[in-house]
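Architecture and fold: a report
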Amino acid sequence: MACDQQRIEAFLHGELSDAEEEVFDEHLLACESCWQAVQEHRAGRQAIERLRVPAPLGLADRIAASIDLASRQPFEDRGSPGHRSQGQHRRSAHRAISHHPRRLITAAAAFVMIAVGGTLGWVLNHHPASDPPQIARVVAMDTPTVANSAALRAGEHFNFGGQALDVRSYRVEGITTIVATSTNPFPMPVRSHLVGGSSSTAWMATHGKLAMYGVNQPTGAGGKSMFLVADMPVARLPQVAAQLQLI
Amino acid sequence: MRPIGLDRADGSAKAFLEATLPHLDIIYRVAFHTAHDHHRAEDLVQETYLRAYAAFAGHHGTSTRAWLVTICLNLARSESRRRSRRVVEAPLPDDDIAPAANPPVTDLVIAGLERERVTRALAQLPEEQRLAIVLMDLAGQTAAEVAGQLGCSRNTVLSRVHRGHRRLAGILAREDVDHGL
């Protein structure tokens, strides 16, 4: 029996008849190159088995939240006639999401997840046209020059908009992260989304490329309010806050 | 555990999630071994599900798993074309804090290192062999399904898988020799 690549592949994929397999088994015992080909194939397949890992924890939640969001009325279609087909509605919803930055999509997905666990749903607030000075001044620090200064890396004290706050820069997974803390709650930036709990209030917002996440404690409650700013998906910011032991 | 959000979803979204989430592990594996990065893979999976949801009304009859894999592959190809035209930023070093890690259990660490080694070896294969292996071995698809997705014959798929397995074994064996194992 001659060595035959296709026959080896058929053998390995269990596609030979019983009789053919018996003949090939005999051939394998006598043929070093075919034997080696079969052994290498099996070793490679065995190695690949190690890569059959599950999806990361939390990914199913993220997917479910983003689909839930996509299934709702898209932002730009609010108030439009509601007699489209289900397929049209889905395509429109997907377009609405696709046209938003990925960070916003993830933020929205994170919001849905948080809203489920919280006592309040999303509240779209009526805000002034620009961010409060406390927020704007801290956001402005997210530049390489300022953030990498020794003073900010060590932590600096400021008074912005009549509010005393401490600001410090960190590097988290290679990304500059600015953290502001205060004994008073921070006013929320424009177009932020709020989710409230019984003892604290969390909000998220985006500002150009930057994402913000804040947790406010009531004045006099003893805890500190904080918010952080970073060029990363807003959904990751709560994890970063926990990692930095801010919350 | 039921994903948060599944119970909130309305009828069509819920039906979609119930039909597609059981394949999440498979889609993630395909995404990871085409994107080569966990964060990009997660984004790719999310985009796959959003695209699939938009087209769910027109999905009839064919395997949901194969349908999702095809969407994921097409998105990965288009993302790869976009990235090839883009300047890639070099990551900055983490100089203050490292990502949080749980205390390692020896077995888990060894298994993780071994997975990384196989992942690196897999990434060294020619793309056609790597894709065939990912789609057959890690996505659990038939050679016929993979042939449809890659636009080649079933025999070609089997041949690519076979050559890929042998090459992978060779790469790993050479590493073992290099490390005196």
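Further up the page is the structure itself.
Residues numbered from 1 in each chain as written. Chains lettered and ligands numbered in written order. Predicted model: local features only at pLDDT ≥ 70, side-chain atom pairs only at ≥ 80, totals over all residues. Heavy atoms only, no water.

Here we come to the overall build of chain A. Tallying secondary structure elements over chain A gives 10 helices and eight strands in all. Taking the intrachain contacts of chain A between residues at least 6 apart in sequence as the baseline, contacts between residues at least 24 apart amount to 51%. In the form shown here, chain A has an accessible surface area of approximately 12,200 Å², with 53% of it arising from carbon and sulfur atoms. (Helix = DSSP H or I, 4+ residues; strand = E, 2+ residues; numbered from the N terminus. Contact = heavy atoms within 4.5 Å. Areas by Shrake-Rupley, 256 points an atom, 1.4 Å probe, with all protein chains shown as cover.)

Helix-helix packing: each pair is described by the crossing angle between the helix axes and the interaxial distance. Residues and elements named next belong to chain B. Two elements in contact, helix 1 (residues 11–20) and helix 3 (residues 38–54), have axes whose closest approach is 11 Å; the angle formed by their N-to-C orientations is 125°. Judged by the angle between their axes, helix 1 and helix 3 are oblique. As for how helix 1 packs across helix 3, the hand of that crossing is right-handed. Contacts between helix 1 and helix 3 pair Ser12, Ala13, Phe16 and Thr20 from the former with Tyr49, Ala52 and Tyr53 from the latter. Of the residues belonging to the contact of helix 1 with helix 3, the class tally is five nonpolar, two polar and no charged. (Axes fitted to C-alpha atoms, helices over the stretch in contact; angles between N-to-C directions. Parallel < 35°, antiparallel > 145°, perpendicular 65-115°, else oblique. Left-handed = near helix turned anticlockwise from the far one by under 90°. Nonpolar A, V, L, I, M, F, W, Y, C, P; charged D, E, K, R; others polar.)

Under the defined criterion, the tally for this structure stands at 12 salt bridges over all chains. Residue Arg50 of chain A is joined to Glu114 of chain B by a salt bridge in which the shortest nitrogen-to-oxygen separation is 3.1 Å. Of this pair, Arg50 of chain A sits in the loop between helix 3 (32–49) and helix 4 (59–71) while Glu114 of chain B sits in helix 5 (residues 106–123), which puts the two residues in different chains. Judged by relative accessible area, Arg50 of chain A falls into the partly exposed class, the value being 38%. The partner of Arg62 of chain A in a salt bridge is Glu42 of chain B, and the shortest N-O contact between them spans 3.4 Å. Taken together, the residues span two chains, with Arg62 of chain A in helix 4 and Glu42 of chain B in helix 3. (Salt bridge = Lys/Arg side-chain N within 4 Å of Asp/Glu carboxyl O. Buried < 20%, exposed > 50% of the residue type's maximum accessible area, 1.4 Å probe, protein only.)

What follows deals with unusual backbone geometry. A positive phi angle is found at His36 of chain B, which is not glycine, with a value near 60°. Looking at the secondary structure, you find His36 of chain B in the loop between helix 2 (24–35) and helix 3.

Residues and elements named next belong to chain A. Looking only at helix 1 (residues 5–12), the buried set comprises Ile8, Glu9, Ala10, Phe11 and Leu12. Here helix 1 starts with a cap whose side-chain oxygen sits 2.9 Å from the backbone nitrogen of Gln6, and that cap is Asp4. Among the residues trailing helix 1, Gly14 stands out with phi positive, at a value near 65°. (Polar contact = N/O pair within 3.5 Å; in protein donor to acceptor, adjacent residues only side chain to side chain.)

Let us now look at helix 7 (residues 143–150) of chain B. It helps to recall that an α-helix has 3.6 residues per turn; residues three or four apart then point in one direction. Residue and element names in this part refer to chain B. Turning to helix 7, its buried residues are Ala143, Val146, Ala147, Gln149 and Leu150. Angularly, the buried residues of helix 7 cover 165° about the axis, an arc narrow enough to put them on a single face. Of the residues flanking the end of helix 7, it is Gly151, one or two places downstream, whose phi is positive at about 65°. (Arc of directions from axis to C-beta.)

The next thing to look at is the packing of aromatic side chains. Residues and elements named next belong to chain B. Summed over all chains, the structure comprises nine aromatic pairs over all chains. When the centroid spacing of 5.2 Å and the interplanar angle of 65° are considered together, the rings of Phe16 and Tyr53 count as edge-to-face. Residue Phe16 is found in helix 1, and its partner Tyr53 is found in helix 3; the two are separated by 37 residues along the sequence. Taking the centre distance of 5.1 Å and the plane angle of 80° together, the rings of Phe16 and Phe56 count as edge-to-face. (Phe/Tyr/Trp six-rings, centres within 6.5 Å; stacked < 30°, edge-to-face > 60°.)

It is worth spelling out the packing of helix 4 of chain A against helix 3 of chain B at this point. Packing of helix 4 of chain A against helix 3 of chain B leaves a shortest axis separation of 10 Å and a crossing angle of 35°. When you trace helix 4 of chain A past helix 3 of chain B, the crossing you get is right-handed. Residues Leu59, Arg62, Ile63, Ser66, Ile67, Ala70 and Ser71 of chain A of helix 4 of chain A form the contact with helix 3 of chain B, whose own contacting residues are Glu42, Asp43, Val45, Gln46, Tyr49, Leu50 and Tyr53 of chain B. The class makeup of the residues in the contact of helix 4 of chain A with helix 3 of chain B is eight nonpolar, three polar and three charged.

Soluble globular proteins tend to bury their nonpolar side chains together. One finds Ile63 and Ile67 of chain A together with Phe16, Val45 and Tyr49 of chain B to be the most contacted residues of the largest nonpolar core, which totals 60 residues. The residues contacting Ile63 of chain A, other than those within four sequence positions of it, are Leu17, Leu21, Leu24, Val45, Gln46 and Tyr49 of chain B. (Core = buried A, V, L, I, M, F, W, Y, C linked by side-chain atoms within 4.5 Å.)

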